[in-house]
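Summary of structural features
Chain by chain, the residues run as shown.
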Amino acid sequence: MVTKQRIDIPVPDGPPMGGYLARPDGQGDHPGVVVAMELFGVDAHVRDVCDELAARGFTALAPDFYHRIEPGVECPRDEAGRAHGFELLPQLTRDGVLTDAGAALDHLRALGAEPVGMVGLSLGGHLAYLAATGHDIPVTVVFYGGWLTGTEIAVSRPEPTLALTPKIAGRLVYIVGENDHVVTPAHREEIAAALAGAGDRHRFVVQPGEGHSFLGSSPEAAEQALGLVESLFRQELDS
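Quick look at the structure, then. Quantities reported herein were computed from a predicted structural model and do not represent experimental measurements.

1. Things to note about helix α3 (residues 94–110)
Along its 17 residues, α3 runs 24 Å from first to last C-alpha, staying within 8% of the 24 Å computed at 1.5 Å per residue. Of all the residues in α3, the buried ones are Arg94, Gly96, Val97, Asp100, Ala101, Gly102, Ala103, Ala104, Leu105, His107 and Leu108. Against β1 (2–11), β2 (14–24), β3 (32–36), β4 (59–63), β5 (116–121) and α4 (123–134) lie the buried residues of α3. Positioned one or two residues after α3, Gly112 has a phi angle of 95°, which is positive.

Here you go:
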């Protein structure tokens, strides 16, 4: 069984940040995982990922990285919702994301979830990659994170987030679908090369036959990928 709740997360520079927390029932502490949301906010898909991780024995927290812009927003997964997400995206800042990621990591530790890793989905994959360069996170799993190689969005400035790869203190695994239209083959080559150049503990994984955001569209691929996450986190967080 899994306990699910909306919570407030203290941040050092303003009102609390909302979040969704899913944790296993029963006694004892569990490793923690911060789950960074997609473009649409902390919506049903992101909550489902938290619930699945909790069912696998992790305390999972999805913070509302939009809380400084439009607290609690959930954009529908249609053209209007996507357009609104792209209105919110430019207002995310690198400093704000790093502050909020740190607050979420600290909050899980305060709840007794220790150690704490991070998972990011699409936009959240970028946010998780960035967080791994600025915080001591034992293991980070990035699912199809975009915009890493350039400076198109504010969180990837002044230099591309990918350029910060040598600052990653823990282990990072990047997972992308073979047919992802957002993360192009050229971008994949750059990301794989950056990770390879930063250390042999990092890993670049291509999911055969899958496109972008396959965690929400392909149950078989999602089960395989989340099984990899569970195995990796058990190896790194329980060691």
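Here the narrative resumes.
2. Concerning α4
One full turn of an α-helix is made of 3.6 residues, so residues set three or four places apart face in the same direction. The end-to-end C-alpha distance of α4 is 17 Å, a good match for the 16 Å that twelve residues give at a rise of 1.5 Å each. For α4, the tally of buried residues reaches eleven of twelve residues, placing the bulk of the element in the interior. Looking at α4, one finds that the buried residues are Leu123, Gly124, Gly125, His126, Leu127, Ala128, Tyr129, Leu130, Ala131, Ala132 and Thr133. Packed against the buried residues of α4 are β3, α3, β5, β6 (139–143), β7 (171–177) and α5 (185–198).

3. Side note on the packing of α3 against α4
For any two helices packed against each other, one specifies the inter-axial angle together with the distance between the axes. Packing of α3 against α4 brings their axes to within 9 Å, and their N-to-C directions diverge by 75°. Considered as vectors, α3 and α4 are oriented roughly perpendicular to each other. Residue-level contacts link Arg94, Val97, Leu98 and Ala101 of α3 to Leu127, Leu130, Ala131 and Gly134 of α4.

4. Focus: the pattern of salt bridges
When charged atoms on two side chains of opposite charge get close, those side chains can pair. Counted by the stated rule, this structure contains 13 salt bridges. Put simply, Asp43 and Arg77 hold a salt bridge, and the shortest N to O gap is 2.7 Å. Here Asp43, found in the loop between β3 and α1 (44–55), pairs with Arg77, found in the loop between β4 and α2 (79–88); they are 34 residues apart in sequence, far enough to count as distant. Take Arg77: its relative accessible area is 42%, and that puts it in the partly exposed class. Glu74 is the partner of Arg47 in a salt bridge, and the nearest nitrogen-oxygen pair spans 3.0 Å. Taken together, the residues span a long stretch of sequence, with Arg47 in helix α1 and Glu74 in the loop between β4 and α2 at a distance of 27 residues. Linked through salt bridges whose partners overlap, the residues forming this network are Glu52, Arg56, Glu223 and Glu230.

What counts and what doesn't
Residues numbered from 1 in each chain as written. Predicted model: local features only at pLDDT ≥ 70, side-chain atom pairs only at ≥ 80, totals over all residues. Heavy atoms only, no water. Helix = DSSP H or I, 4+ residues; strand = E, 2+ residues; numbered from the N terminus. Expected span 1.5 Å × (residues − 1). Buried < 20%, exposed > 50% of the residue type's maximum accessible area, 1.4 Å probe, protein only. Contact = heavy atoms within 4.5 Å. Axes fitted to C-alpha atoms, helices over the stretch in contact; angles between N-to-C directions. Parallel < 35°, antiparallel > 145°, perpendicular 65-115°, else oblique. Salt bridge = Lys/Arg side-chain N within 4 Å of Asp/Glu carboxyl O.

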